[in-house]
Amino acid sequence: MNNKGSRIIVIDDEEGMCKLLREILKDAGYSVTTHTSAERALRQIAEESYDIAIVDIKMPGMDGIEFLKKAKELRNTPDIIMITAYGSIENAVEAIKFGAYDYITKPFQSEEITVAVEKIFERRKLINENIRLRREIEKMTGRESMIAQSSIMRDIVTFAKKVANSDLGVLVTGESGTGKEVLARLIHDASVRREGPFVPVQCGLLPLNLLESELFGFKKGSFTGATEDRPGLFEQSNEGTLFLDEIGDISTDIQGKLLRFLQDHEVRRIGETKSRHLSVRLVSATNKNLEASIREGKFREDLFFRLKVITIHMPPLRERIEDIPLLAHHFLAQVNRTRTKSAELDSRCIPHLMKYSWPGNVRELKNCIESASVICDENIIHIDDINRILASQNIAYTMESESFRESKARVIEKFEKKFIINSLIRNKGNIAAAARISRIDRKNLWQMIKKYNIHPEDYKEPEDK
């Protein structure tokens, strides 16, 4: 964004100060108008458009505070920087309360003026970029869409909409946190079932003995605690879509009941002998290799082929980094709707976010943005805020992402990778420092970095910071 030629109006009752500020700002490439009368300057601002007004607080007649109040009533109010003597800083603080953007104390250096002006234009750039991205997000977040800018995700969305109106089984695969439920909801919203219910079920979070009764319902008295007849989630999904997430975690007994439903579209509550015919679209998802589970005898092959009539793979976030800017601003916009004052992303944050590998995928990015918006200063999220959150998330992610049934070797691998990433973040990509603080032999650290395909340069501070 080229700010040269932008219009600035200077208001000071001292002609010498007007001349000094005119020279400073013209040398910086700005178009400058000066006034020694706040009343005349106010009339000109009402008739013409200015980007910034630099106003002295102490002036005869209309002073800077009164000018500020009246200027704020105009339709095209410029951003206002107040100038005050060192002993009158309390007046400048008062001006900030009334809406001035910044203040500068006399005497000042030329750089203080130009930096204050540049800060305003940088802030405008951030706001305009956020507005642009929000508009793009609004175009993408209708009932039939999702946040997707990368070609791979656009192809997935197009394909999902094509298959939405069939009742063929859909299996969505991909790592945890990639947005499998979001895609399932898109399929539902793009189908003729959109007016019906969309019922998501996290199979891995329910104990196996409860999952069956939750899915199929039960008859009063069929087991201890069954004090009333209760329909299951299949019945609640009638005329809509049932989404079974982490379907690889269900028992073989429930797998058999799912297969029977897919064959005859009927369910039977626990304790009942009659079956109920339902019209339910089944979409399932997994982050496991179901074919490996079949070989291990943990998943039925006949059910697998019924589920995967149509398979859609959700790529990890590291393979669709073009989506990160829109996703980051989308999550920030969600947070801002709950806040009294909106946070913004420093322009350097997006390239930094796009370098990170995101082992927790979209879910980790969402958590990062939400947390960074809380800890940031002056409602601007900086790279340091991002790094601080990532450092804490990589430890937490290790604890949350693994289930008890996964192998010890898998846990160790994930812990090593997250520990190394965390060490590199804390030490800004310095391998020697990470090895020393972690008490890992530098040669061994290098071997693990290569093993897990980690890029230390991703965690170094930008040169321009």
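Residues numbered from 1 in each chain as written. Predicted model: local features only at pLDDT ≥ 70, side-chain atom pairs only at ≥ 80, totals over all residues. Heavy atoms only, no water.

### Section: the packing of helix H2 (residues 38-47) against helix H3 (residues 64-71)
Just so we agree on the cut-off: Interaxial angle, 0 to 180 degrees, is taken between N-to-C directions of lines fitted to C-alpha atoms, where a helix line uses only the stretch in contact. What counts as a helix is a DSSP run of H or I of at least four residues, what counts as a strand is a run of E of at least two, and both are numbered from the N terminus. Small angles under 35 degrees read as roughly parallel and large ones over 145 as roughly antiparallel, with 65 to 115 read as roughly perpendicular and the rest as oblique. Note on convention: the crossing is left-handed when the near helix lies turned anticlockwise from the far helix by less than a right angle, right-handed when the turn is clockwise. Here, residues are in contact when the closest pair of their heavy atoms is within 4.5 Å.
In the contact formed by H2 and H3, the axes pass within 10 Å of each other and the chain directions differ by 15 degrees. Classified by the interaxial angle, the pair formed by H2 and H3 is roughly parallel. H2 and H3 meet at a crossing whose hand is right-handed. Residue-level inspection shows Ala 38, Ala 41, Leu 42 and Ile 45 of H2 in contact with H3, the latter providing Phe 67, Lys 70 and Ala 71.

### Looking at the packing of helix H18 (residues 431-438) against helix H19 (residues 442-451)
Spelled out, the test is: Here the nonpolar group is Ala, Val, Leu, Ile, Met, Phe, Trp, Tyr, Cys and Pro; Asp, Glu, Lys and Arg are the charged ones; every other residue, Gly included, is treated as polar.
Where H18 contacts H19, the two axes come as close as 9 Å, and the packing angle between them is 115 degrees. As far as their axial angle goes, H19 and H18 are roughly perpendicular. The handedness of the crossing between H18 and H19 comes out as right-handed. Contacts between H18 and H19 involve Ile 431, Ala 432, Ala 434 and Ala 435 on the former and, on the latter, Arg 442, Leu 445, Trp 446 and Ile 449. Of the residues in the contact of H18 with H19, the class split is 7 nonpolar, no polar and 1 charged.

### Looking at the sheet that holds strand S4 (residues 79-85)
Counted only if it meets this: Whether two strands pair depends on DSSP finding at least two bridges between them.
Reading across the sheet, the 5 strands line up as S2-S1-S3-S4-S5 and stay open at both edges, with parallel pairing between neighbours. Strands at the two margins of the open sheet, each flanked by one partner only, are strand S2 (31-35) and strand S5 (102-106). Averaged over all pairs of adjacent strands, the angle between strand axes in this sheet comes to 20 degrees, irrespective of strand direction. Taken together, the 5 bridges between strand S1 (residues 7-11) and S2 define a ladder with parallel strand orientation. Within S2, the residue paired with Arg 7 across the bridge is Ser 31. Its contacts with the sheet place helix H1 (residues 15-27) against S1, S2, strand S3 (52-56), S4 and S5, and it is angled at close to 175 degrees to S2. Helix-sheet contacts for H3 involve S1, S3 and S4, and the interaxial angle to S4 is about 170 degrees.

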